[in-house]
Amino acid sequence: MRFSLAWLGDYVELPDPPPRLAARLTAAGHAVEGIEEVEGEAVLDVDVTTNRVDAMCHLGLARELAAIYGTVLRPPAVELPADRPAPPDELVTLEAPALCRRYVGLVVRGVTVGPSPDWLRCRLAAIGLRPINNVVDVTNYVLWELGQPLHAFDLATLGGGRVVVRQARAGERLRTLDGEERALGPEMLVIADERRPVALAGVMGGAETEVSTASRDLLLESAWFDPASVRRTARQLGMHTDASHRFERGADLQLCRFAAERAAALLREVATAAETGAPADVRGEALEPPAAIELAGERLDAFAGTAVPAAETERILAALGCGLQAAGAGHWRVTVPSWRRFDLLEEADLFEEVLRLVGYDRIPASLPPLAGADAPEPPAHTLRRRLQDHLAACGYGEAIDWAFYSREDEGRFPALAGEGEPLPLENPLSERYALMRRSLLPPLLASARFNRRRNLPAVRLFEVGHVFWRDPEGRPQEEEHVALACGGTLGTPWERQVELDLFDLKGVVESLAQACGQELCARPAELPGLASGAAAELLDAVGTRVGVLGRVAEDDGGYPLYAAELRTATFLPLLPPAPVRLPPRVPGVAVDLTLTHRQEVTWAELAEAIRAAAVPDLADCALKDRYTGEGVPPGAVNTTIAFHYQAAERSLTQEEVNDRQTALAAELERRFGWREPT
């Protein structure tokens, strides 16, 4: 918004040059985005925040400057004859008292419509307004002086010479001042005469009652319209005016009469108005007065982190128009002025008012004191951090995706919330983001494909995020998951190259579980979105499905991708990290065993049998190779298992290792060894 410094100077002393004054305003919360010179006059371009409707006029901004500099505010004076004629009977009728809390109608007779004087035209032109005629210019002048929107009707064009504030009726139409024919709805508030609507309340007047050079008698409107009603009407009709901008944010109910009389006084000066009547001041439903706010100096000091003198607090709030009543040493009951009733609602708002005018640069940087010991980190946060650290250490980069996806993505991959229904968004950004995600995999794999299409030789991504669904009772639910995606080739031709596959992904998932003190088992399964024969469910220690992994079935070119998703709650309660153990001082013994068994026997079953055998000094075992082909009976497979024996304090003899290995091999042969089908 543009503000003329010469105009501001009518109401407050300006002790600083424009650049310094702009800096002071900016520091107080009214950012000055530029200073322009218009016909030798400085004009400020100020970004007035939407909650400060009181500062969207020259008097309001002058009030801020008076509070900043500690000077006196000089509001404009109104001089009208004392013996003004009473308003006509029933000049104003309120049929919607909840939507129009006050309507001031003032009749001005004998005006001469024509060009405005130079001073008025220059004032408006300086802030970017086009002068029209002296009547319209006066209403615009008062708007930008006081912040109260006004409208002037040609009284001769009003049916019955009166106005009715009511809601529009079905089928009514109105041609507004911009020349557009507008269809009205019953929820819209209008100003009407005896026959038809003549203005959109708080938005724009009608063309049939606008002031012209032939106009002689006027009805000045100065009213307070319900912000929600004005906002709704303006949005439905696609309109935005200076009046609606202010009414939508809550105008000053107490300003209506003064603004009308200020305009009438100016019309006597610039339009030679012969007669100014007394206003018809009609009230609708009363607004509840704003409650007094309790302000405590010690809470203000604690909030600021520094002591604010009580005298400074009183000076600032009084300069802003607040009423203060002492309620003890350093305590006040603060009465909010009418022009800030929608903005100053609680004690914290008063803190902001005091501190922005004290100056944030005068407040030392300090951390607030915290009493007592720090609370421990929640287990869920500890788990999330451990998951992120471990996967980053495995070479995976963290992705952060949208929490919603398209309807086409729904059901493409298994949703671990099995019984749930998707949650649609009421107002999605686009059709691509219509549902809250039930799986992390669709957006994560989209990121992986994005990188693959740009010739990245390998992709390794993970995300820790939330999924959402609606349970069978219709209640929204949410839980945290971790998802991984990988594919491609690591390394270069000059060194060993590794092609990432399903077992690389499975190894990372198992190491992740081990880092959190848990153990998972993979069970082959047919899962949507994952290739048949290359997908598995992940089960916890009691056999509950807690995740899935597999090769992504969709193939749009490039190397294959592998993906996994797990519930993070699987790893709770979170066990402490394994203690650091010194490496053994004596060497171990490595032994391999090749076992021929049925193809249906999984490595998980073999590993469980080896653990159950509890062979002394067996430190580790791992799958080394699985082979089918020449020399292996049909329906069988040769599995080579690598064993590592290690004693804590001494070297094992070969005989000891042979005895342990022979017994273990016999047990595995007894349970799983190949037998010809009978």
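All of these numbers come straight from a predicted model, not from anything done at the bench. (Residues numbered from 1 in each chain as written. Predicted model: local features only at pLDDT ≥ 70, side-chain atom pairs only at ≥ 80, totals over all residues. Heavy atoms only, no water.)

Caption draft 1: Quick peek at the layout of surface pockets. Computed from the structure, the largest pocket encloses a volume of approximately 1700 Å³. The wall of the largest pocket is formed by 46 residues, among which Lys506, Glu510, Trp603, Ala604 and Ala607 lie closest to the centre. Within the residue set of the lining of the largest pocket, elements represented by two or more residues are helix H14 (502–515), strand E25 (521–524), strand E26 (530–539), helix H15 (603–613) and strand E30 (618–627). For the lining of the largest pocket, the leading source of residues is E30, giving nine residues. For the lining of the largest pocket, the residue count by class is 27 nonpolar, six polar and 13 charged. Volume-wise, the second largest pocket comes out at about 870 Å³. Taken together, 33 residues make up the lining of the second largest pocket; nearest its centre are Val136, Thr139, Asn140, His151 and Leu177. Considering every element that reaches the lining of the second largest pocket, the biggest residue donor is helix H5 (residues 134–146), with five residues. Split by residue class, the lining of the second largest pocket holds 20 nonpolar, eight polar and five charged. (1 Å grid on protein atoms, 1.4 Å probe; cavity = no way out; pocket = protein on both sides within 12 Å on 5 of 7 lines; lining within 4 Å. Points joined across faces, edges and corners; volume = space filled by probe spheres on them. Helix = DSSP H or I, 4+ residues; strand = E, 2+ residues; numbered from the N terminus. Nonpolar A, V, L, I, M, F, W, Y, C, P; charged D, E, K, R; others polar.)

Caption draft 2: The arrangement of the packing of aromatic side chains in detail. Counted by the stated rule, this structure contains nine aromatic pairs. Judged by centre distance (6.4 Å) and plane angle (75°), the rings of Phe3 and Trp144 are edge-to-face. Placement of the pair is Phe3 in strand E1 (residues 2–4) and Trp144 in helix H5, with a sequence separation of 141 residues. Neither Phe3 nor Trp144 differs from the other in exposure class; each is buried. Ring geometry for Phe225 versus Phe247: centroids 5.3 Å apart, planes at 70°, classification edge-to-face. Here Phe225 is found in strand E13 (residues 218–225), whereas its partner Phe247 is found in helix H7 (residues 242–247), with 22 residues between them in sequence. Comparing Phe225 with Phe247, the two get one shared label, buried. Following the ring pairs from residue to residue traces out a cluster consisting of Trp7, Trp119 and Tyr141. Seen from the ring of Trp144, Arg246 lies directly overhead, with NZ or CZ sitting 4.7 Å from the centre. If you follow Arg452 out to its NZ or CZ, it ends over the ring of Tyr559, 5.8 Å from the centre. (Phe/Tyr/Trp six-rings, centres within 6.5 Å; stacked < 30°, edge-to-face > 60°. Buried < 20%, exposed > 50% of the residue type's maximum accessible area, 1.4 Å probe, protein only. Lys NZ or Arg CZ within 6 Å of the ring centre and 35° of its normal.)

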